[in-house]
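Summary of structural features
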Amino acid sequence: MSAKDVSDTIERGGTILYTARCAEFRTPEGQERGAKICRKHGIDGLVVIGGDGSFAGAQKLANLGINTIGVPGTIDLDIACTEYTIGFDTAVNTAMEAIDKVRDTSTSHERCSIIEVMGRNAGYLAMWCGIANGAEDVLIPEKYDYDEQKLINNIIASRKAGKKHHIIVNAEGIGHSEAMAKRIEAATGIETRATILGHMQRGGSPTCKDRVYASMMGALAVDLLVQGKTCRVVGYRHGEFIDFDINEALAMKKDVSPYMWEVCNSLSHNYKKQ
Ligand code: F6P
């Protein structure tokens, strides 16, 4: 592809190359077939955009002689070697705007609203929305203790303290928002609705941050390929775009920042301090 082929794409969501979750690629036969197809088309270097699963696939291709560089791209923000993953900013802004809109109805009808955001097994999208939307409760897989009575007590206490709405941001990794809404309504007597934002979080025109970080990470990935490097993953840490060995990147672990979680909670339950 030349620069001309990608003209008019920076402002678009999705992918012009298309994409798929490919079960066959998890098998040695599938990986060999993938490498063969690359060789047939003269593709000697590949930039693999995705998460840990994609990087594990990139590693297999690299072992078969196709130079690969991973670029972290996921709305889940759950890749350990990097503080930023392409797509997160667009998704979190989309979710934040949607939650603002749900809040209008929630306040008007004096309801409790559970809004489920994506993130697979990670709670970053939910936690960021929790802070950005001033949610009353935030449930994330990394921290939720499944003590629903505590949640119900929070809702009742916040209503008694004069709150007109109660926004609960629920991470997809916890899920079951519809059933939770029914249980909360039955236990509190407060009308409760669930909204599952779903794939709208994965589309739309990318934010400035996503466009710039994607351009920087893409450029670094190409520079590495041009230098003959392979089996590396690009990341962003402490204000710098850097790269790691894929094995090293895959072995890293990521935890929710305890301070960010503490702030999220202290903001969400501030009615208790009244
Ligand atoms: O990993 C990104 C993500 O959007 C997750 O947040 C979500 O769980 C999953 O992908 C949805 O995947 P699919 O579109 O295949 O259902």
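Each remark here, short or long, concerns the structure printed above.
Residues numbered from 1 in each chain as written. Predicted model: local features only at pLDDT ≥ 70, side-chain atom pairs only at ≥ 80, totals over all residues. Heavy atoms only, no water.

Remarks on the layout of surface pockets
Taken as a whole, the second largest pocket spans an internal volume of roughly 190 Å³. As for the second largest pocket, its lining consists of 14 residues, of which Val138, Leu139, Tyr144, Asp145 and Lys150 are closest to the centre. Among the secondary structure elements, those contributing two or more residues to the lining of the second largest pocket are strand S4 (137-139), helix H5 (148-160) and helix H9 (258-268). Residue classes in the lining of the second largest pocket are distributed as six nonpolar, three polar and five charged. (1 Å grid on protein atoms, 1.4 Å probe; cavity = no way out; pocket = protein on both sides within 12 Å on 5 of 7 lines; lining within 4 Å. Points joined across faces, edges and corners; volume = space filled by probe spheres on them. Helix = DSSP H or I, 4+ residues; strand = E, 2+ residues; numbered from the N terminus. Nonpolar A, V, L, I, M, F, W, Y, C, P; charged D, E, K, R; others polar.)

Examining the pattern of salt bridges
According to the stated counting rule, one finds nine salt bridges in the structure shown. Salt-bridge contacts for Asp76 lead to Arg120; the nearest nitrogen and oxygen are separated by 3.9 Å. Of this pair, Asp76 sits in the loop between strand S2 (67-72) and helix H3 (88-108) while Arg120 sits in the loop between strand S3 (112-117) and helix H4 (124-132), and the two are 44 residues apart along the sequence. For Arg120, a relative accessible area of 45% gives the class partly exposed. Here Glu191 makes a salt bridge to Arg111, at a shortest N to O gap of 3.2 Å. Here Arg111 lies in the loop between H3 and S3 and Glu191 lies in the loop between helix H6 (177-188) and strand S6 (192-196), a separation of 80 residues in the sequence. Through salt bridges with shared partners, a single network forms among Arg111, Glu191 and Arg193. (Salt bridge = Lys/Arg side-chain N within 4 Å of Asp/Glu carboxyl O. Buried < 20%, exposed > 50% of the residue type's maximum accessible area, 1.4 Å probe, protein only.)

What about the packing of aromatic side chains?
Overall, the coordinates contain six aromatic pairs when judged by the stated rule. Put simply, the rings of Tyr84, Tyr213, Tyr236 and Phe241 pair up and form one aromatic cluster. A cation sits over an aromatic face here: Lys209 above Tyr213, 5.1 Å from the ring centre. Across the ring face of Tyr124, the terminal group of Lys254 is positioned such that the distance to the ring centre comes to 5.1 Å. (Phe/Tyr/Trp six-rings, centres within 6.5 Å; stacked < 30°, edge-to-face > 60°. Lys NZ or Arg CZ within 6 Å of the ring centre and 35° of its normal.)

Brief notes about H9
All of the buried residues along H9 are Trp261, Cys264 and Ser268. Buried positions in H9, seen along its axis, are confined to an arc of 60° and lie on one side of it. Facing away from the buried side of H9 by over 90 degrees, the exposed positions are Pro258, Tyr259 and Glu262. In this structure, the buried residues of H9 make contact with H4 and S4. (Arc of directions from axis to C-beta. Contact = heavy atoms within 4.5 Å.)

Topic: the site of the ligand
The full set of residues close to the ligand is Arg21, Thr74, Ile75, Asp76, Met118, Gly119, Arg120, Glu172, His199 and Arg202. Gly119 has a polar backbone atom sitting 3.0 Å from an oxygen atom of the ligand. Within the side chain of His199, one N or O atom sits 2.7 Å away from an oxygen atom of the ligand. In the complex, 74% of the free accessible area of the ligand, which totals 400 Å², lies under the protein chains. Its residues assigned to classes, the shell around the ligand comprises two nonpolar, three polar and five charged. Here the shell around the ligand gathers at least three residues from each of two domains, domain 1 (23-86 + 206-251) and domain 2 (91-203). (Near = heavy atom within 4 Å. Polar contact = N/O pair within 3.5 Å; in protein donor to acceptor, adjacent residues only side chain to side chain. Areas by Shrake-Rupley, 256 points an atom, 1.4 Å probe, with all protein chains shown as cover. Domains from an automatic or database assignment.)

Some words on the environment of Thr94
Its place among the elements puts Thr94 in helix H3. Along the backbone, Thr94 and Glu240 are 146 residues apart, and their C-alpha atoms lie at a distance of 26 Å. Aside from chain neighbours lying at most four places away, what touches Thr94 is Met200, Gln201 and Gly203. A distance of 2.8 Å separates the side chain of Thr94 from the backbone oxygen of Thr90, its partner in a polar contact.

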